[in-house]
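Close look at the chain arrangement
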Amino acid sequence: MAETKFDTTAIENERKALQLLAEEVQKTDDADARDALIDAIQKSADKLKSMCEALQAEADKVVVPKIDNLDVDAVVEVVLTPEQRSRVLKAFGVDVPSVRIPDATGVLTKNMAHIEPDYIEECAMKQAKAFKEMCEEIEKAAE
């Protein structure tokens with residue numbers, strides 16, 4: 001899905017102009033000049049509000065996928081490094097060659113190059129712990 005970009009340059013420029021007017025009011029001692037600046041601030045604020053409302057109306061027209069359309073069974077499978085496997089095995093006595101992580105939105109897959117190895121190892125530790133607990137429950141039930 002293509003990312004929608006909105007041009008907010010005019011809004012940002014108006015915001016900066018409004019900020020400058022507000023700073024100028026604080027520096028002004030002349031009551032008439034202050035009143036004129038306050039009027040200018042009000043007009044600028046009204047214009048900024050109108051611009052923001054127009055941008056919001058434009059954004060509201062963008063179709064956003066509903067959560068119901070996501071593949072809730074989607075996962076990303078990551079192979080652990082030998083060092084990670086060794087630490088998981090030592091911690092839980094379970095050899096975990098790879099870990100399957102839910103990724104219904106695809107964000108994890110898209111950003112995999114930026115995912116910290118510690119996060120992957122943490123997921124492996126959780127899965128190894130859950131597997132070990134499940135095996136212990138089965139053993140208890142079999143006794």
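Description of the overall build of the protein chain
- Per the secondary structure count, the protein chain includes 5 helices and 2 strands.
- The C-alpha radius of gyration of the protein chain comes to 28 Å, more than 25% above the 15 Å expected for a compact globule of 143 residues.
- In the protein chain, which comprises 143 residues, the share counted as buried stands at 19%.
- Considering only residue pairs separated by 6 or more positions, the protein chain has 61% of its internal contacts joining residues 24 or more positions apart.

Things to note about the environment of aspartate 35
- Tracing the backbone shows aspartate 35 in helix α2 (residues 31-60).
- Aspartate 35 sits in the partly exposed class, given a relative accessible area of 45%.
- Distance in space between the C-alpha atoms of aspartate 35 and valine 25 is 8.7 Å, their sequence separation being 10 residues.

Structural notes on the confidence of the model for the protein chain
- In the predicted model, the protein chain carries a mean pLDDT of 86, and 90% of its residues have values of at least 70.
- Per-element averaging of pLDDT across the protein chain places helix α4 (residues 107-110) at the bottom with 85 and helix α3 (residues 82-92) at the top with 94.

A word on the side chain of glutamate 121
- Mapped onto the fold, glutamate 121 is located in helix α5 (residues 117-142).
- Only 2.7 Å separates the side chain of glutamate 121 from the side chain of arginine 87, close enough to count as a polar contact.
- Those residues in contact with glutamate 121 that lie beyond four places of it in its chain are Gln84 and Arg87.

Criteria and thresholds
- Position numbers for residues start from 1 in each chain and track the written sequence from start to end.
- Under the rules for a predicted model, residues below a pLDDT of 70 receive no local features and side-chain atom pairs below 80 are neither given nor counted, while totals for whole chains, interfaces and linings still include all residues.
- Side-chain metrics in this entry use all non-hydrogen atoms of the structure; hydrogen atoms and water are not considered.
- Under the scheme used here, helices are H or I runs from DSSP no shorter than 4 residues and strands are E runs no shorter than 2 residues, and both carry numbers assigned from the N terminus.
- Radius of gyration: over C-alpha atoms. The globule rule applied is 2.2 Å multiplied by the number of residues raised to the 0.38 power.
- Burial status follows relative accessibility: with a 1.4 Å probe on protein chains alone, a residue under 20% of its type maximum counts as buried, one over 50% as exposed, and anything between as partly exposed.
- Should any heavy atoms of two residues lie within 4.5 Å, those residues are counted as being in contact.
- One number per residue, pLDDT, summarises how confident the predictor is, and it ranges from 0 to 100.
- N or O atoms within 3.5 Å of each other form a polar contact, as long as, within protein, one can give a hydrogen and the other can take it, and as long as residues adjacent in sequence are counted only when both atoms are side-chain atoms.

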